[in-house]
Amino acid sequence: MTLINRSKAFILLIGFFISSLLLCVSQASFVSSGDFNKDFFVTWSPSHVNTSNDGRSRTLKLDQESGASFASTQTFLFGQIDMKIKLIPGSSQGTVVAYYMTSDQLKRDEIDFEFLGNVNGQPYILQTNVYAEGIDNREERIHLWFDPTKDFHTYSILWNIHQIVFMVDQVPIRLYRNHADKGVAYPRLQPMNVQASLWNGESWATRGGHDKIDWSKGPFVASFGDYKIYACVWKGNPRLCNGESNENWWNKNDFSSLTRVQKRWFKWVRKYHLIYDYCQDYGRFNNQRPKECNLPKY
């Protein structure tokens with residue numbers, strides 16, 4: 001083989017390698033179809049799950065017989081998930097609507113939105129939590145600044161190599177940074193799927209369990225719709241999900257912290273709507289706060 005032919009063969013081989021690599025990366029990235037029947041499956045009580053004919057919306061029902069839940073067909077390592085939710089109207093005390101990501105392992109990682117039902121006329125409480133390597137105890141609670149039962153609102157999880165950001169209608173309400181280099185556990189190795197559920201949490205959900213479910217007001221229905229999932233599908237190789245690329249845009253440096261406008265909104269939420277922060281609960285930890293509480297949020 002001549003030198004020129006060898007050069008051509010080498011160039012073709014390199015081109016094939018790059019094309020294969022790009023194909024692997026693009027296959028790792030996932031954009032949702034918008035159809036609940038395609039992207040999710042029912043995990044609990046199909047009789048209490050109702051999906052529209054076009055698959056674009058879904059409801060979960062809670063009654064004395066059962067609650068209900070569904071989960072994504074794919075598992076992911078990093079990405080952004082947006083879910084529109086309309087919560088249970090009226091007297092919903094004791095009920096819990098949950099929307100979260102979980103690895104479902106013994107020492108699981110998990111990122112939680114939990115909407116705690118309320119006595120009619122009282123504000124809904126949104127509780128967030130982060131599990132890392134099986135440890136949680138990282139609850140925060142806020143009062144929402146609108147009535148979440150009147151219309152759909154978007155609840156988002158941005159989870160990347162830098163941080164976890166909880167957002168409500170694109171307003172950041174909570175941050176959990178990747179301080180793994182400082183000995184703080186961070187969800188970064190276990191793939192997670194997206195789940196949603198409606199269940200009986202009357203033992204703790206409303207005023208510490210004081211207000212029980214009023215079954216005469218049931219059945220209780222929560223509505224879900226117009227979700228979006230931009231995430232890296234787990235293929236068994238974390239390198240496909242850990243990198244910064246146009247496909248894995250959520251890992252880019254632009255998403256390593258909040259923008260100036262987002263920081264203003266975040267501070268507004270903390271000042272006017274935060275009602276509980278585990279980092280401020282000194283008595284709970286005998287004045288030995290978790291390490292991340294003494295590190296920067298952004």
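Since this is a predicted model, take the numbers as computed values, not measurements.

Focus: the packing of aromatic side chains
- The tally for this structure, following the rule as stated, stands at 24 aromatic pairs.
- Ring centres of Y278 and F285 lie 6.4 Å apart, and the angle between their planes is 75°; this geometry places the pair in the edge-to-face category.
- The class for F285 is buried, based on a relative accessible area of 17%.
- Ring pairs connect the aromatic residues F36, F40, F70, F224 and Y227, which therefore count as one cluster.
- The ring of Y131 has R108 lying over it, and the distance from NZ or CZ to the ring centre is 4.2 Å.

What about helix α4 (residues 260-272)?
- Over its 13 residues, α4 extends 19 Å from the first C-alpha to the last, a length consistent with the 18 Å expected when each residue adds 1.5 Å.
- Every buried residue of α4 is accounted for by F266, V269 and R270. For α4, the buried positions fall inside an angular range of 95° around the axis, keeping them on one side. With respect to the buried face of α4, the exposed residues turned more than 90 degrees away are R260, R264, K267, K271 and Y272.
- For α4, the elements touching its buried residues are β10 (140-143), β13 (171-177) and β16 (274-277).

Notes on the state of the cysteines
- Per the counting criterion, the structure on display carries two disulfides.
- Linked covalently through their sulfurs, C232 and C241 form a disulfide whose S-S length is 2.2 Å. Sign of the S-S torsion, about -75° for the bond between C232 and C241, identifies this disulfide as left-handed. Accessibility assignment for this pair places C232 and C241 in one class, buried.
- Shown here is the disulfide that connects C279 with C293, its sulfur atoms set 1.9 Å apart. Between C279 and C293, the S-S dihedral sits near -80°, and the bridge is therefore left-handed. One end of the pair, C279, is in the segment after β16; the other, C293, is in the segment after β16, with 14 residues separating them in the sequence. Note on accessibility: C279 and C293 belong to one class, buried.
- Disulfide connectivity for the protein chain, with bonded cysteines indexed by sequence position, reads 1-2, 3-4.

The rules behind the values
- Residues numbered from 1 in each chain as written.
- Predicted model: local features only at pLDDT ≥ 70, side-chain atom pairs only at ≥ 80, totals over all residues.
- Heavy atoms only, no water.
- Phe/Tyr/Trp six-rings, centres within 6.5 Å; stacked < 30°, edge-to-face > 60°.
- Buried < 20%, exposed > 50% of the residue type's maximum accessible area, 1.4 Å probe, protein only.
- Lys NZ or Arg CZ within 6 Å of the ring centre and 35° of its normal.
- Helix = DSSP H or I, 4+ residues; strand = E, 2+ residues; numbered from the N terminus.
- Expected span 1.5 Å × (residues − 1).
- Arc of directions from axis to C-beta.
- Contact = heavy atoms within 4.5 Å.
- Disulfide = S-S within 2.5 Å.

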